[in-house]
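Summary of the model geometry
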Amino acid sequence: MTRGWIFPLVLVLCGSLLAAVLVVQGAAAVAAPLLVLFVLLAGVHSPLAFPRSIGAEEARRRSALDGRPVVYWRAGCKYCLRLRFRLGRAARRAHWVDIWRDPAGAAAVRAVNDGDETVPTVVVAGRPHVNPDPAWVRARLDRSV
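Quick look at the structure, then.

What counts as what
Residues numbered from 1 in each chain as written. Predicted model: local features only at pLDDT ≥ 70, side-chain atom pairs only at ≥ 80, totals over all residues. Heavy atoms only, no water. Axes fitted to C-alpha atoms, helices over the stretch in contact; angles between N-to-C directions. Helix = DSSP H or I, 4+ residues; strand = E, 2+ residues; numbered from the N terminus. Parallel < 35°, antiparallel > 145°, perpendicular 65-115°, else oblique. Contact = heavy atoms within 4.5 Å. Nonpolar A, V, L, I, M, F, W, Y, C, P; charged D, E, K, R; others polar. Buried < 20%, exposed > 50% of the residue type's maximum accessible area, 1.4 Å probe, protein only. Pairing = 2+ DSSP bridges. Right-handed = clockwise from strand over helix to strand, strands pointing away. 1 Å grid on protein atoms, 1.4 Å probe; cavity = no way out; pocket = protein on both sides within 12 Å on 5 of 7 lines; lining within 4 Å. Points joined across faces, edges and corners; volume = space filled by probe spheres on them. Disulfide = S-S within 2.5 Å.

**Looking at the packing of helix H1 (residues 3–24) against helix H2 (residues 28–44)**
Running from N to C, H1 and H2 point in directions that differ by 180 degrees, and their axes come no closer than 8 Å. Viewed along their axes, H1 and H2 adopt a mutual orientation that is roughly antiparallel. Only Ala28, Val30, Ala31, Leu34, Leu35, Phe38, Leu41 and Ala42 of H2 make contact with H1, whose side of the interface consists of Pro8, Leu11, Val12, Cys14, Gly15, Ser16, Leu18, Ala19, Leu22 and Val23. Residue composition of the contact of H1 with H2, by class: 16 nonpolar, two polar and no charged.

As structure tokens, then:
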């Protein structure tokens, strides 16, 4: 659970340190926006940028009932961020599984990726797709409504 927060915390700490140095040097006008930038970057790279995760078993069960895709992801993954932001509001219709919080989710991803934890891995109708085009995923979400 804490792995997803390491990078965002490092960003906030680095931004704070850099802002403190700038304030000491008398450049407070530069320090404030820089600190805000680091905090925003930390937020984007944190688990808060993604819809609420559920367990892999629950996601598979729900997907079987409603036909919606299951998206396996992890915090800090630039490809997961790309998928999340390109899906926009439609992202809430998918079932999201954080592989760093759910060992069963990590195992499911390793099973379809030759032992690697390559994300995002999107499962649609029981077929896995590794790092699919966001437009393709959006089309699958629109069909499942």
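Now that the structure has been shown, we can carry on.
**Considering the pairing of strand S2 (residues 95–98)**
Both faces of S2 are covered, namely the face carrying His95 and Val97 and the face carrying Trp96 and Asp98. Two elements, strand S1 (residues 70–73) and S2, share four bridges in a ladder whose sense is parallel. Across the sheet, residue Val70 finds its bridge partner in S2, namely His95. Taken together, S1, helix H4 (residues 78–87) and S2 constitute a β-α-β crossover, and its handedness is right-handed.

**As for the layout of surface pockets**
Gaps left between atoms are located by rolling a probe of water-molecule size over the structure's atoms. Taken as a whole, the largest pocket encloses approximately 290 Å³ of empty space. Ser63, Val123, Val124, Ala125 and Gly126 are the residues nearest the centre of the largest pocket, which is lined by 19 residues in total. Put simply, the parts of the chain that give the lining of the largest pocket at least two residues each are helix H3 (56–66), S1, helix H5 (103–112), strand S3 (121–124) and helix H6 (134–143). When the residues that make up the lining of the largest pocket are grouped by side-chain class, the tally is 11 nonpolar, four polar and four charged. Estimated volume of the second largest pocket: approximately 150 Å³. Lining the second largest pocket are 11 residues, and of these Pro47, Ser53, Trp73, Asp98 and Arg101 lie nearest its centre. Broken down by class, the residue content of the lining of the second largest pocket amounts to six nonpolar, two polar and three charged.

**Looking at the state of the cysteines**
Within the structure shown, the criterion is met by zero disulfides. Between Cys80, a free cysteine, and Cys77, which holds the nearest cysteine sulfur, the sulfur-to-sulfur gap is 3.1 Å.

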